[in-house]
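Each chain, written out:
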Amino acid sequence: PIGVGGMGEVWKARDTRLDRIVAIKTSAERFSERFEREARAIAALNHPHICQIYDVGPDYLVMEFVDGQELKGPLPPDLALKAAIQLAAALEAAHRKSITHRDLKPANILNTKSGVKVLDFGLAKFEVLKPARGEETQTRALTDEGTIVGTLQYMAPEQLQGKPTDARSDIFSFGCVLYEILTGQRAFRAENQATLIAAIMDREPESIAMHQPMVPPALERVVKKCMAKDADDRWQSAADL
């Protein structure tokens, strides 16, 4: 066993047919909607900084075993920037497939010898273009609009309000993650959930330079733009970022 969570357990195992180490993720409930969502999202992506899926069953996923540690700070600016570029590239790949992660946080990003790996697409949101007239867009979301999904500490203001999310919501979360790996501090800190929500909605994080003087001002501006309260004021795509 290498992990346990709300959905089930993760086990390190050996694929005896292909003689390779894998991770088997088992579902607490028989193939829950979130479990199926993760399988579909990962299967749609093929990127060196996103974990790969090998097989799927009624209540399990067989995935690439990622040998790494949770991405944590503070890291020297050059190492943090390298990880951030890889993470942005992974987000770009997902967004190009019209997949919004919606739960980007350090616990879902592993730092390995070959770079970062993004995990856990269980809360992902899909935008599917219908081939019918007008190229109508259909959203396949885990929950109804108005429901808050994600991890509070890294959620964009529009997520906290239960509003529709898009790639720019992931970019806000990316900014929170980059702030944390640069400083070793969370971008928004509070004593309870209510004050944390208020901080995300209304307050600006402390300057990165207060915690990490070696960070170039240009990089701090990048992070600040990621965490703009209004999605229109953020980077509009991971490619731009």
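Coordinates for the structure precede this section.
All of these numbers come straight from a predicted model, not from anything done at the bench.

The rules behind the values
Residues numbered from 1 in each chain as written. Predicted model: local features only at pLDDT ≥ 70, side-chain atom pairs only at ≥ 80, totals over all residues. Heavy atoms only, no water. Core = buried A, V, L, I, M, F, W, Y, C linked by side-chain atoms within 4.5 Å. Buried < 20%, exposed > 50% of the residue type's maximum accessible area, 1.4 Å probe, protein only. Helix = DSSP H or I, 4+ residues; strand = E, 2+ residues; numbered from the N terminus. Contact = heavy atoms within 4.5 Å. Salt bridge = Lys/Arg side-chain N within 4 Å of Asp/Glu carboxyl O. Arc of directions from axis to C-beta. Pairing = 2+ DSSP bridges. Axes fitted to C-alpha atoms, helices over the stretch in contact; angles between N-to-C directions.

A. Quick look at the nonpolar core. If you look at the biggest cluster of nonpolar residues, it comprises 59 residues, and the most contacted ones within it are F121, F174 and F188. Where this core is concerned, the elements lending two or more residues are α1 (33-43), β5 (60-64), α2 (77-96), β8 (109-112), β9 (115-118), α4 (167-183), α5 (193-202) and α7 (217-226). The biggest single contributor to this core is α4, with nine residues. Leaving out residues up to four positions away in the same chain, F174 has contacts with A84, L87, A88, L91, L104, C226 and L241.

B. Geometry of the pattern of salt bridges. According to the stated counting rule, one finds twelve salt bridges in the structure shown. Among the ionic pairs, D19 bridges to R14, the shortest N-O distance being 2.7 Å. In this structure D19 comes out as exposed when scored by relative accessible area, which is 57%. D232 serves as the salt-bridge partner of R168, at 2.7 Å between the closest nitrogen and oxygen. Within this pair, whereas R168 is found in helix α4, its partner D232 is found in the segment after α7, the two being separated by 64 residues in sequence. The exposure class assigned to R168 is buried, which follows from its relative accessible area of 18%.

C. Quick look at α7. Every buried residue belonging to α7 is among L219, V223 and C226, and all of these are buried. Angularly, the buried residues of α7 cover 55 degrees about the axis, an arc narrow enough to put them on a single face. Exposed side of α7, more than 90 degrees from the buried face: P217, R221 and K224 are the residues found there.

D. Examining the pairing of β5 more closely. For β5, the buried fraction is high: four of the five residues fall into the buried class. Pairing of strand β3 (residues 20-27) with β5 involves five bridges; the strand directions are antiparallel. Residue pairing across strands places K25 opposite L61, the latter belonging to β5. Two strands pair when backbone bridges link them, and strand β4 (residues 53-56) and β5 are joined in this way by three bridges, in the antiparallel orientation. When the bridges of β5 are listed, D55 appears paired with V62. Here β4 folds back onto β5, and the loop between the two strands holds three residues.

E. Structural detail: the sheet that holds strand β6 (residues 69-70). If you walk across this open sheet you meet the three strands as β6-β8-β9, and the pairing is antiparallel. On the outer flanks of this sheet lie β6 and β9, each paired with one strand and no other. Judged from the two bridges that link them, β6 and β8 form a sheet pairing that is antiparallel. Considered in β8, the bridge of Q69 is made with N111. This element, α2, spans β8 and β9 of the sheet and lies at about 35 degrees to β9.

F. Quick look at the sheet that holds β3. Taken together, five strands build an open sheet; the order of strands is β1-β2-β3-β5-β4 and the sheet is antiparallel. In the strand order of this sheet, the two ends are held by β1 (3-4) and β4, each with one partner. One ladder, built from eight bridges, connects strand β2 (residues 8-15) with β3; its direction is antiparallel. Bridge pairing in β3 places G8 opposite S27. Set on the sheet, α1 makes contact with β3, β4 and β5; between it and β5 the angle comes to about 30 degrees.

G. Representation of unusual backbone geometry in the model. Cis peptide bonds are those with omega within 30 degrees of zero, and the linkage from G73 to P74 qualifies with 5 degrees. Mapping P74 onto the fold places it in the loop between β6 and α2. At D19, a residue that is not glycine, the phi angle is positive and equals roughly 55 degrees. Considering the arrangement of structural elements, one finds D19 in the loop between β2 and β3. For S98, which is not a glycine, the phi torsion comes out positive at approximately 60 degrees. Mapped onto the fold, S98 is located in the loop between α2 and β7 (99-100).

H. Looking closely at the side chain of H49. Along the chain, the position of H49 falls in the loop between α1 and β4. Aside from chain neighbours lying at most four places away, what touches H49 is Q86, A90, S114, G115, V116, K117 and V118.

Purely geometric numbers; function is a separate question.
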